[in-house]
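Listed here are the chains, written in short residue letters.
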Amino acid sequence: MVIKDAYKLCTDALGKTDGRILFEGVTNYTFKDVLTHGEKETDIDFNPYIKRVLGGEPIQYVLGETEFMSLKFKVTPAVLIPRQDTETLVEWAIKKIDKNARVLDLCTGSGCIAISVKKYTHAFVTALDISEDALKIAEQNASLNNADITFIKGDAHTFDELENLDFVLSNPPYIESEVVSGLDKKVKDFEPRIALDGGKDGLDFYTDIAKNSRKMLKNGGFLAVEIGYNQAEAVSDIFNKVFGNSTVLKDLCGNNRVVYSKKQVD
Ligand code: GLN
């Protein structure tokens, strides 16, 4: 088949946006190539890919990759697909972090936070996850991006084994258990529940992460976490109790998305 027909096959089946993403992801041709070299041959069979997308599977899993902070990440159902929401936390972090800083990323999943912080700051980065399958993907993403990161298997509820850190970052699971089953089919049927479910009130991780981080941070260090759009008050309360201060940041849609605290002891 020639690529302009392949492009049409994808967009007819999936619409302009998804069709184009699938075509470009599967072929490594761009839409521009379709316009300029439409008669080029491809022997790829697009139908199995189209079938999976029509079956509700997120296109990122079908392609096995996605983009975050302009970097490429491999994704499988062992890890949450990196969200643009999370760039709010990363963009705040890379503005503040310099190359001598020691950074820990809790609940790293695909490694998207740890790896983009490493790439854009050259700091010393350690990343933790409880899922061995997620860690395997995160490690592959680190080598894919040439990022030197130390990975640790561990539980963010209890991990407090590092010291003198400058930054602890985390996008922990924060969806209320009852809400998880009501999420979009794409999310609930394909993405890992362990990466989404934050317990009854969605706040399970924040108290433990705050206490453990306070122990691991050096004086003047920061804890910064992603939150659900409706959790700013609850997470600020938790952080205020542990650190005596907290600040909320909004994402590009204007939703509260990040809470951070500074460790200050006299
Ligand atoms: N933002 C993700 C979602 O809405 C959830 C991420 C998380 O629980 N940490 O699907």
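Residues numbered from 1 in each chain as written. Predicted model: local features only at pLDDT ≥ 70, side-chain atom pairs only at ≥ 80, totals over all residues. Heavy atoms only, no water.

Caption draft 1: Representation of the site of the ligand in the model. Lining the immediate environment of the ligand, one finds Leu80, Arg83, Asn171, Pro172, Pro173, Tyr174, Ile175, Ala195, Leu196 and Glu226. In this structure, a nitrogen atom belonging to the ligand sits 2.6 Å away from a main-chain N or O atom of proline 172. One nitrogen or oxygen atom from the side chain of tyrosine 174 is found 2.9 Å from a nitrogen atom belonging to the ligand. Burial of the ligand by the protein chains amounts to 87% of its free accessible area of 300 Å². For the shell around the ligand, the per-class residue count stands at seven nonpolar, one polar and two charged. (Near = heavy atom within 4 Å. Polar contact = N/O pair within 3.5 Å; in protein donor to acceptor, adjacent residues only side chain to side chain. Areas by Shrake-Rupley, 256 points an atom, 1.4 Å probe, with all protein chains shown as cover. Nonpolar A, V, L, I, M, F, W, Y, C, P; charged D, E, K, R; others polar.)

Caption draft 2: Structural detail: the nonpolar core. If you look at the biggest cluster of nonpolar residues, it comprises 32 residues, and the most contacted ones within it are Leu104, Leu106, Tyr206, Leu223, Val225, Val235 and Phe239. Elements with a contribution of two residues or more to this core: strand S3 (102–106), strand S6 (165–170), helix H11 (204–216), strand S7 (217–226) and helix H12 (232–243). Ranked by residue count, the leading element in this core is H12, at six residues. In this structure valine 235 touches Leu203, Tyr206, Val225, Ile227 and Val259, once residues within four positions along its chain are discounted. If you look at the next biggest cluster of nonpolar residues, it comprises 31 residues, including Val103, Cys112, Ala127 and Ala224. (Core = buried A, V, L, I, M, F, W, Y, C linked by side-chain atoms within 4.5 Å. Buried < 20%, exposed > 50% of the residue type's maximum accessible area, 1.4 Å probe, protein only. Helix = DSSP H or I, 4+ residues; strand = E, 2+ residues; numbered from the N terminus. Contact = heavy atoms within 4.5 Å.)

Caption draft 3: Local environment of the packing of aromatic side chains. This model, assessed by the stated rule, comprises ten aromatic pairs. Ring pairing ties together the aromatic residues Tyr7, Phe23, Phe31 and Phe46, which thus form one cluster. Between the NZ or CZ atom of lysine 118 and the centre of the ring of phenylalanine 124, over which it lies, the distance is 6.0 Å. (Phe/Tyr/Trp six-rings, centres within 6.5 Å; stacked < 30°, edge-to-face > 60°. Lys NZ or Arg CZ within 6 Å of the ring centre and 35° of its normal.)

Caption draft 4: Structural view of the side chain of threonine 42. Considering the arrangement of structural elements, one finds threonine 42 in the loop between helix H3 (31–36) and helix H4 (47–54). A distance of 3.2 Å separates the side chain of threonine 42 from the backbone nitrogen of isoleucine 44, its partner in a polar contact. Sequence-distant contacts of threonine 42, that is, excluding residues within four places in its chain, are made with Met1, Ile3 and Ala6.

Caption draft 5: Just the side chain of aspartate 197, in detail. On the secondary structure map, aspartate 197 appears in the loop between helix H10 (185–190) and H11. A distance of 2.7 Å separates polar atoms of two side chains, one belonging to aspartate 197 and the other to serine 177. Side-chain polar atoms of aspartate 197 contact the backbone nitrogen of glycine 199, separated by 2.9 Å. In this structure, aspartate 197 is in contact with Pro173, Ile175, Ser177, Val180 and Phe205, ignoring residues within four places of it in sequence.

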